[in-house]
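Chain by chain, the residues:
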Amino acid sequence: MKICPVCFSNFDDSFIYCEYCGAELVSEESYSSQSEYADVSYLNEFNEYDNVDSELIIISENLDTYPNFSENSFDEFSDISDQKDEINIYSQIKYDRTSDDSEEQKNKKRIKKLKKKTKEYYKSKEYENALDSITKVIELGDDSYKNWIFKGSILQKMFRYDEAMECFDKSIELSPYYKAYFHKAEISFILKRYEDALDFYNESILLHKKNTKAWVEKAFLLYYMGKKEDSLQFIDSALEYFNNPSFILINKGRLLYLLKEYEKAIEIFENILIDYPNKSIAYYEKGKSLYRLNQFDKAIEAFDKYLEYENNEYGNYFKARCLSKLNRYEESLEYYDNAIIANPDYTKAIINKALSLKSLGRYEEALNFFNRVIELSGESYLCMYNKGLLLMNLFENEEAIEYFDKCLNIKPNDVYVLYNKAKALNFTNQNEESLVYFNKALELSPNDKYSLLGKSLVLIKLNDYEEAIRFLDKFLYFKPYDKRGLYNKGICLYHLSHFTEAIELFDSVFVDSSLFFITKLELSVATSCGSSPPLKSDIINNAITIKAAITTANVSIFTVFLSLSYFFERVFFFFSLESFMIVLQSF
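Residues numbered from 1 in each chain as written. Predicted model: local features only at pLDDT ≥ 70, side-chain atom pairs only at ≥ 80, totals over all residues. Heavy atoms only, no water.

A.B. asks: Can you lay out the overall build of the chain for me, pointing to particular residues and giving the numbers?
C.D. replies: Helix and strand counts for the chain come out as 30 helices and three strands. Counting the 587 residues in the chain, one finds 47% classified as buried. Within the chain, contacts between residues at least 6 apart in sequence are counted, and of these 48% link residues at least 24 apart. If you sum the accessible surface of the chain, you get close to 31700 Å²; carbon and sulfur atoms cover 50% of it. (Helix = DSSP H or I, 4+ residues; strand = E, 2+ residues; numbered from the N terminus. Buried < 20%, exposed > 50% of the residue type's maximum accessible area, 1.4 Å probe, protein only. Contact = heavy atoms within 4.5 Å. Areas by Shrake-Rupley, 256 points an atom, 1.4 Å probe, with all protein chains shown as cover.)

A.B. asks: Just give me the short version of the nonpolar core, but keep the residues and values in it.
C.D. replies: Formed by 140 residues in total, the largest nonpolar core has its most connected members in Ile154, Tyr201, Leu255 and Phe404. If we ignore the near neighbours within four places in the chain, the residues touching Phe404 are Tyr385, Gly388, Leu389, Met392, Val417, Asn420, Lys421 and Ala424. (Core = buried A, V, L, I, M, F, W, Y, C linked by side-chain atoms within 4.5 Å.)

A.B. asks: Which residues make up helix α19 (residues 381-393), and what values go with them?
C.D. replies: For α19, with 13 residues, the first-to-last C-alpha span of 19 Å sits near the 18 Å given by 1.5 Å per residue. Here α19 lies mainly inside the structure; 11 of its 13 residues are buried. Along its buried surface, α19 packs onto α17 (347-359), α18 (363-377), α20 (397-410) and α21 (415-427). Following α19 by one or two positions, Phe395 adopts a phi angle in the positive range, close to 65 degrees. (Expected span 1.5 Å × (residues − 1).)

A.B. asks: Account for the pattern of salt bridges, naming residues and giving values.
C.D. replies: Inspection of every chain in the model, using the stated rule, returns 23 salt bridges. A salt bridge links Asp236 to Lys252, with the nearest nitrogen and oxygen atoms 2.8 Å apart. Taken together, the positions of Asp236 in helix α10 (residues 228-242) and Lys252 in helix α11 (residues 246-258) put the pair 16 residues apart, joining distant regions of the chain. Relative accessible area serves as the criterion here: at 33%, Asp236 is assigned to the partly exposed category. For Lys252, a relative accessible area of 17% translates into the label buried. Two residues, Lys288 and Glu285, come together in a salt bridge whose shortest N-O distance is 3.6 Å. Of the two residues, Lys288 and Glu285 are both situated in helix α13 (residues 280-292); the distance of three residues between them amounts to about one turn of the helix. According to the relative accessible area criterion, Lys288 is buried, its value standing at 15%. Overlapping salt bridges, with partners in common, bring together Arg254, Glu285 and Lys288 in one network. (Salt bridge = Lys/Arg side-chain N within 4 Å of Asp/Glu carboxyl O.)

A.B. asks: So what's going on with the confidence of the model for the chain? Which residues, and what values?
C.D. replies: In low-pLDDT regions, the fine details of the predicted coordinates are not to be read closely. A residue-level look at the chain finds 69% of positions with pLDDT of 70 or above and a mean pLDDT of 77. Throughout residues 30-98 the model reports pLDDT below 50, and contacts reaching past four residues in sequence, or to other chains, amount to 65 contacts. For residues 525-536, every residue scores under 50 in pLDDT, and the model assigns this stretch 20 contacts once sequence neighbours within four places are set aside. (pLDDT = per-residue confidence, 0-100.)

A.B. asks: How would you summarise the state of the cysteines if you had to cite specific residues and measurements?
C.D. replies: Tallying each qualifying case throughout the model produces zero disulfides. In this model Cys407 remains outside any disulfide bridge; the closest cysteine sulfur is found in Cys383, 9.8 Å from its own. A relative accessible area of 0% means that Cys407 is categorised as buried. (Disulfide = S-S within 2.5 Å.)

A.B. asks: Could you give me a rundown of the packing of α19 against α20, with the residues and numbers involved?
C.D. replies: Between α19 and α20, the shortest axis-to-axis distance is 8 Å and the interhelical angle comes to 155 degrees. As summarised for this structure, α19 and α20 are arranged roughly antiparallel, according to the angle between their axes. The handedness of the crossing between α19 and α20 comes out as left-handed. Along its contact with α19, which presents Tyr381, Met384, Tyr385, Lys387, Gly388, Leu389, Leu391 and Met392, the element α20 presents Asn397, Glu399, Ala400, Tyr403, Phe404, Lys406, Cys407 and Ile410. For the contact of α19 with α20, the residue count by class is 11 nonpolar, two polar and three charged. (Axes fitted to C-alpha atoms, helices over the stretch in contact; angles between N-to-C directions. Parallel < 35°, antiparallel > 145°, perpendicular 65-115°, else oblique. Left-handed = near helix turned anticlockwise from the far one by under 90°. Nonpolar A, V, L, I, M, F, W, Y, C, P; charged D, E, K, R; others polar.)

A.B. asks: Which residues make up unusual backbone geometry, and what values do they have?
C.D. replies: Phi angles above zero are rare outside glycine, and Phe159 is one such case at about 65 degrees. Residue position: Phe159 is located in the loop between α5 (145-157) and α6 (161-174). The exposure class assigned to Phe159 is exposed, which follows from its relative accessible area of 61%. For Phe395, which is not a glycine, the phi torsion comes out positive at approximately 65 degrees. Along the chain, the position of Phe395 falls in the loop between α19 and α20.

A.B. asks: Run through the packing of aromatic side chains, naming residues and quoting values.
C.D. replies: Applying the stated criterion across every chain, the model contains 29 aromatic pairs. Ring geometry for Phe189 and Tyr194: centres 5.9 Å apart, planes at 80 degrees, overall edge-to-face. Phe189 sits in the buried class, given a relative accessible area of 17%. According to the relative accessible area criterion, Tyr194 is partly exposed, its value standing at 22%. With a centroid separation of 5.8 Å and 80 degrees between ring planes, the pair formed by Tyr291 and Phe318 is classed as edge-to-face. In this pair, Tyr291 sits in helix α13 while Phe318 sits in helix α15 (residues 313-325), placing the two residues 27 residues apart along the sequence. Judged by its relative accessible area of 13%, Phe318 is buried. (Phe/Tyr/Trp six-rings, centres within 6.5 Å; stacked < 30°, edge-to-face > 60°.)

A.B. asks: Let's hear about helix α7 (residues 178-190): which residues, and what values?
C.D. replies: When the terminal C-alpha atoms of α7 are compared, their 19 Å separation across 13 residues agrees well with the 18 Å that a helix rising 1.5 Å per residue should span. Burial analysis of α7 places 12 of its 13 residues in the buried class, which makes it a mostly covered element. Those residues of α7 that sit buried are Tyr178, Lys179, Ala180, Tyr181, Phe182, His183, Lys184, Ala185, Glu186, Ile187, Ser188 and Phe189.

A.B. asks: Before we move on, could you go through a positive patch on the surface and cite the residues and values that matter?
C.D. replies: A cluster of basic residues, Lys228, Lys260, Arg292, Lys325 and Lys348, forms a positive patch at the surface. In this structure, Lys325 sits in helix α15. Among the residues examined, Lys325 registers a relative accessible area of 44% and is labelled partly exposed. (Patch = residues over 30% accessible without salt bridge, like charges linked within 9 Å, V, L, I, M, F, W, Y side chains within 5 Å. Lys, Arg positive; Asp, Glu negative; His and termini not counted. Charge placed at Lys NZ, Arg CZ, Asp CG, Glu CD.)

A.B. asks: Got a sec to walk through a negative patch on the surface? Specific residues and values, please.
C.D. replies: A cluster of like negative charges, contributed by Glu364, Glu396, Glu398, Glu399 and Glu402, occupies part of the molecular surface. With three residues, the single largest contributor to the negative patch is α20. With respect to the helices, strands and loops of the structure, Glu402 is situated in helix α20.

A.B. asks: Talk me through the environment of Leu435; I want residue IDs and the actual numbers.
C.D. replies: Looking at the element boundaries, Leu435 is found in helix α22 (residues 431-444). Residue Leu435 is classed as buried on the basis of its relative accessible area, which comes to 12%.

Right under this line is the structure:
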């Protein structure tokens, strides 16, 4: 059995290097014999055990333990010959020396305790306290290059990148150590200073070739620089150099995932699981690739396997996403809840839970979750947009418009926001302004189906039936069997007195509702009577013709009554109650 002296992972004797951090493995016996020096590599974050540095630190500790007294220290006693006094003198010297040793030892103990506290704070993510501790270590005189690296890494975690860079530069001044260049590369990568990042990764690898993280991150950097072929070639060279460790294989799979080569990524993860069936991260990454291929049932199986090992927010979140994609919204809520319990600030889980609630028609609950996200991270674009949609569903159209306006201030050409603002304006009868926003949406996306239909409905409200038909025809070109489009075109044809065409259109729409049949009754009577007032016999004959169809549709007599009332109010308002009762008796 071998052990990594940095991250303390165990490996079989066949392994040479640690798969996680790249450090050279040692036997358990060898590690035990060196354990007395283990505390000098307290920076586990940096994942390295450096024998040369350890020896230097040990030597310096020995020197510090025995202060260097020069010959001049005894000059003041040179004229004293009395043996007793001489003994007293040497006693005094011994006393002073012990006192000095004690003071230095106290300082060293303080430094050691501070280092230990720094590490504890760092592990528990208490970065402010960690920064305070490591700063005191440096102020007490232990300003080694490693301590500057540690301080820089803490600042990096706190997103104080400029200060972190200064610490790494200070470390390089003391000793050009590969980890300082590595962290400078990471920060440059984050800040999208890609050329600088590439230089720093190259320098880090040059100083320490076995730093697997630098190899992997450089491969991803090349991808983000648009050098996709180079990124794959580089990670393949890393696999060859390190003899295919699973850490690099996993990251090749991730790189293929970014390149949208999901099948190849899945093949890599499955091969890893053959050799390492307990490698939980491979199940997770495989599940993500299956998700992208819309193989949601298989993805759920992979995430279930991952959750057996790591019941964290990420596995629960992706399983919930798969369930949502399968329209299993009620089931998805449980896993969104698990993700939120694991990480109460996980906004993605909160947002998608809100969307599942919205799909279930639980708008008030969904709105509460969007408000929670806004409390956590401010009014993000996604939250504002979805909150606007929810407010529309709750008939709070004026407030919905306010949120769509906020979105348009950020992205003035977002077609979906323009469409939904136009829709909300339509609901509040601001028809002319609604047309303005439908027109903007159609300028940006002339074939947007929803905007074509939405504009046609506003034109119908404005009695501009011919123009409405023009946009409905465009809509029906993309969705020729859409009942909303066919029905509204029929309404337009009716108002333009094209009754026969309207009836044919309604016949093509298989809508099992009283509104359809009553509209057809209205059109039939209008066709047979023209512009003259219809006779009672015309009404009765047409009503009898439609009766069987209404009965087949299982429409309640109450619904028929209400629809007929609407029918008479619109067309036969000049008829007496007696005429209305005659029609009802025919049913």
